[in-house]
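Single-letter residue listing:
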Amino acid sequence: MFPLQRYEKADSIEDAVRLLSDNPEAKVISGGTDVLIRLRDGKKAYNQLVDIHDLDELKICDITADGTIRIGAGISFSEVIASDIIKKHLPHLHKAAETIGGPQIRNIATIGGNICNGVTSADSASPLLASNARLIIQGPDGKREVALSEFYLGPGKVALDQSEILIAFTISKQDYSGYSSDFFKYAMREAMDIATIGCAAACLIDGNQLVDLRLAFGVAAPTPIRCSKAEDAARGETISEALLTKIGDALAEDVNPRTSWRASREFRLHIIRELAERVIKNAIEKAGGTLT
Amino acid sequence: MNQNITLTINNREKTLSIDVRSSLLEVLRDQLGLTSIKQGCGVGECGACTIIIDDEIIDSCIYLAVWADGKSVRTLEGESKNAVLSTVQKGYVDEGAVQCGFCTPGLIMTTTSFVEKNRGKEISREEIRKAHAGNTCRCTGYQTILTVAEKCLEPGKEPEE
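Residues numbered from 1 in each chain as written. Chains lettered and ligands numbered in written order. Predicted model: local features only at pLDDT ≥ 70, side-chain atom pairs only at ≥ 80, totals over all residues.

1. Thoughts on the packing of helix H2 (residues 87–95) of chain B against helix H3 (residues 104–118) of chain B
Residues and elements named next belong to chain B. Axis separation between H2 and H3 bottoms out at 9 Å; the angle between their running directions is 125°. With respect to H3, the element H2 is oriented oblique. Handedness of the H2/H3 crossing: right-handed. The residues of H3 that touch H2, namely those facing Val88, Gln89 and Tyr92, are Thr104, Ile108, Thr111, Thr112 and Val115. Across the contact of H2 with H3, the residue classes break down as four nonpolar, four polar and no charged. (Axes fitted to C-alpha atoms, helices over the stretch in contact; angles between N-to-C directions. Helix = DSSP H or I, 4+ residues; strand = E, 2+ residues; numbered from the N terminus. Parallel < 35°, antiparallel > 145°, perpendicular 65-115°, else oblique. Left-handed = near helix turned anticlockwise from the far one by under 90°. Contact = placed C-beta atoms within 7 Å. Nonpolar A, V, L, I, M, F, W, Y, C, P; charged D, E, K, R; others polar.)

2. What to know about the domain arrangement of chain B
All names here are of chain B. Annotation of chain B at the domain level lists domain 1 (2–78) and domain 2 (87–153). Distance between the C-alpha centres of domain 1 and domain 2: 21 Å. It is strand E3 (residues 50–53) that contributes the most residues to the side of domain 1 that touches domain 2, three residues altogether. (Domains from an automatic or database assignment.)

3. A look at helix H12 (residues 265–286) of chain A
Think of an α-helix as turning once every 3.6 residues; residues three or four places apart then point the same way. Residue and element names in this part refer to chain A. Helix length check: H12, at 22 residues, gives a terminal C-alpha distance of 31 Å against a target of 32 Å (1.5 Å per residue), a fit within 8%. Along H12, the residues classified as buried are Arg268, Ile271, Ile272, Leu275, Ala276, Glu277, Val279, Ile280, Ala283 and Ile284. Packed against the buried residues of H12 are strand E11 (180–186), strand E12 (197–206), strand E13 (209–218), helix H10 (228–234) and helix H11 (241–251). Backbone geometry just after H12 places Gly288 at a positive phi near 95°. (Expected span 1.5 Å × (residues − 1). Buried ≥ 20, exposed ≤ 12 C-beta atoms within 10 Å, placed from the backbone.)

4. Topic: the sheet that holds strand E10 (residues 165–171) of chain A
All names here are of chain A. Reading across the sheet, the five strands line up as E4-E5-E10-E6-E7 and stay open at both edges, with antiparallel pairing between neighbours. Looking at the sheet topology across the chains shown, the edges are occupied by strand E4 (61–63) and strand E7 (142–147). Each adjacent strand pair in this sheet contributes to an overall mean axis angle of 25°, direction not counted. As paired elements, strand E5 (residues 69–72) and E10 share four bridges and run antiparallel to each other. Among the inter-strand pairings, Gly72 is bridged to a residue of E10, identified as Ala168. Helix H1 (residues 13–22) rests against strand E6 (134–139) and E10 of the sheet, and its axis sits at about 135° to E10. (Pairing = 2+ DSSP bridges.)

5. Looking at the environment of Gln99 of chain B
Residue and element names in this part refer to chain B. Take Gln99: it is sitting in the loop between H2 and H3. Residues Gln99 and Arg138 lie 39 residues apart in sequence; the distance between their C-alpha atoms is 9.2 Å. Ignoring sequence-local partners within four residues, the contact set of Gln99 consists of Cys139 and Thr140.

6. Re the interface of chain A and chain B
Contacts between the two partners involve 22 residues from chain A, matched on the other side by 26 residues from chain B. Mapped by element, the contributors of at least two residues to the side of chain A that touches chain B are strand E1 (6–9), helix H2 (35–40) and helix H6 (103–106) of chain A.

7. Looking at the confidence of the model for chain B
Of all residues in chain B, 98% have pLDDT values of 70 or greater, and the mean over the chain is 95. Interface confidence for the predicted complex, expressed as ipTM, amounts to 0.96; the pTM equals 0.96. (pLDDT = per-residue confidence, 0-100.)

8. Overview of the domain arrangement of chain A
Residues and elements named next belong to chain A. As assigned here, chain A comprises domain 1 (57–175) and domain 2 (181–286). The C-alpha-based centres of domain 1 and domain 2 are spaced at 20 Å. Domain 1 puts 22 residues into the contact, and the matching count from domain 2 is 24 residues. Among the secondary structure elements, those contributing two or more residues to the side of domain 1 that touches domain 2 are helix H5 (91–98), helix H8 (125–130) and strand E8 (152–154). At five residues, H8 tops the list of elements feeding residues into the side of domain 1 that touches domain 2. Of the residues that constitute the side of domain 1 that touches domain 2, the class distribution is ten nonpolar, ten polar and two charged.

9. Looking at the sheet that holds E1 of chain A
All names here are of chain A. Sheet architecture is open: three strands sit in the order E1-E3-E2, paired in parallel fashion. Taken across any chain shown, the strands that pair with only one partner, and hence form the sheet edges, are E1 and strand E2 (27–29). Adjacent strand axes in the sheet meet at a mean angle of 30° when their direction is disregarded. Examined bridge by bridge, E2 and strand E3 (residues 48–51) share three bridges and lie parallel to one another. Looking at the pairing, Ile29 lines up with Asp51 of E3.

10. Digging into helix H1 (residues 24–31) of chain B
Residues and elements named next belong to chain B. Taken together, the buried positions of H1 are occupied by Leu24, Leu25, Val27 and Leu28. Here the buried face of H1 lies against strand E2 (12–19). Just past H1, the residue Gly33 takes up positive phi, approximately 70°.

11. Some remarks on the environment of Leu25 of chain B
Residues and elements named next belong to chain B. The topology assignment puts Leu25 in helix H1. Linking Leu25 and Thr50, residues 25 residues apart in sequence, is a C-alpha distance of 9.1 Å. Dropping the residues within four chain positions of it, Leu25 is found in contact with Ile37, Gln39, Cys49, Ser60 and Cys61.

12. With respect to unusual backbone geometry
Of note in the backbone geometry, Asp54 of chain A takes a positive phi value of approximately 65° without being a glycine. Looking at where Asp54 of chain A falls in the secondary structure, it is placed in the loop between E3 and E4. What makes Asp54 of chain A partly exposed here is the crowd of 16 C-beta atoms within 10 Å. Even without being a glycine, Ala83 of chain B presents a positive backbone phi close to 65°.

13. Things to note about the pairing of E7 of chain A
Residue and element names in this part refer to chain A. Burial analysis of E7 places just zero of its six residues in the buried class, which makes it a mostly uncovered element. Sheet topology places E6 next to E7; six bridges connect them, and they run antiparallel. The residue of E7 that forms the bridge with Ile136 is Glu145. If you look at the hairpin formed by E6 and E7, you'll find two residues sitting between the two strands.

Structure follows, in structure tokens:
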């Protein structure tokens, strides 16, 4: 039996926001693969829950008339993997979803929960960051939007008030159209493991020119990050092996990994550089580019 | 903190009064005696508590029982019909893919769901491995288990109705 003090099932997003506003001690549960484990560990912070599991409003995954991709916060990673829209336009996110946990976890864990719990190892964070994902959040005063890059405040800390619900991610057409992307998760095991480093890259190329690079990492810093120095070094440059080295050099200023029992800082720095080169190269090659 | 839920369990509809603090594992084991469901790790890593809900496998130890309201649940107890083992169960026997047996009910549910979704498709051994990655077995090793899945996917292995 989970040590719950109070449990309320929301029947809509609006209802969830009201229940959260009425009880400042309450937290949200969706897929439960993080919350129930913390609760089982006796973490009192999670003993009052508002349940948004299976809310239809959070299960959207579509493209709007202006080409914006909307991904509901409540869709499971199995649903992310099954989505033809994501497979076609956001292959890095598709690939990241495939690396999460195992089949049972992917069937229940939600993409919204992966981001809202704020951990740097969230596998879906780096692809969403690389595609300039924005978050649509509903609170007592209505809806607001925030860029994912501004959502992470620190380890386990996100810009989401206690009474707010993440509804969906949006990715505008200009942020995926023409881009080719790739993702790689480095972990000790091929399944049921936390990333040592996760890396996503989205590239826009024109002939042999790298018009734009978007590079993002998980576990390379206290939160998932975009790599602005590396991106600046790449933008508009001619595609070559030398450019990959230049990006790798610039990357050193963007990242700040730590030593943990999983891996040392030094090892992570090595993996970061290796993955950046590999993932960017794959993304370029997918777009038909070749490295000279 | 009780609440009524109505769900289908192994093809039989049931209404149960449950404590909202319970996991589905606790309700199925303790209230209904479906003890094929094992609690191993209790945190969704070992897969010994795997059951099928609306055609998807889940770890019932980290699934609130209230979430099963209105859904269809399958456990190992419902897999054999009139004392005849299912194709997958028989496969586990034939290949000797069982040793201590603790992980077996969960693994059989995983294989069953996988085979039902993929029968008739070209499936690699790697894909079978990936589909079984959420179930841990500490004694047999996995080769015989993968072979069961492979053999059950072969044409002519459809279950008899």
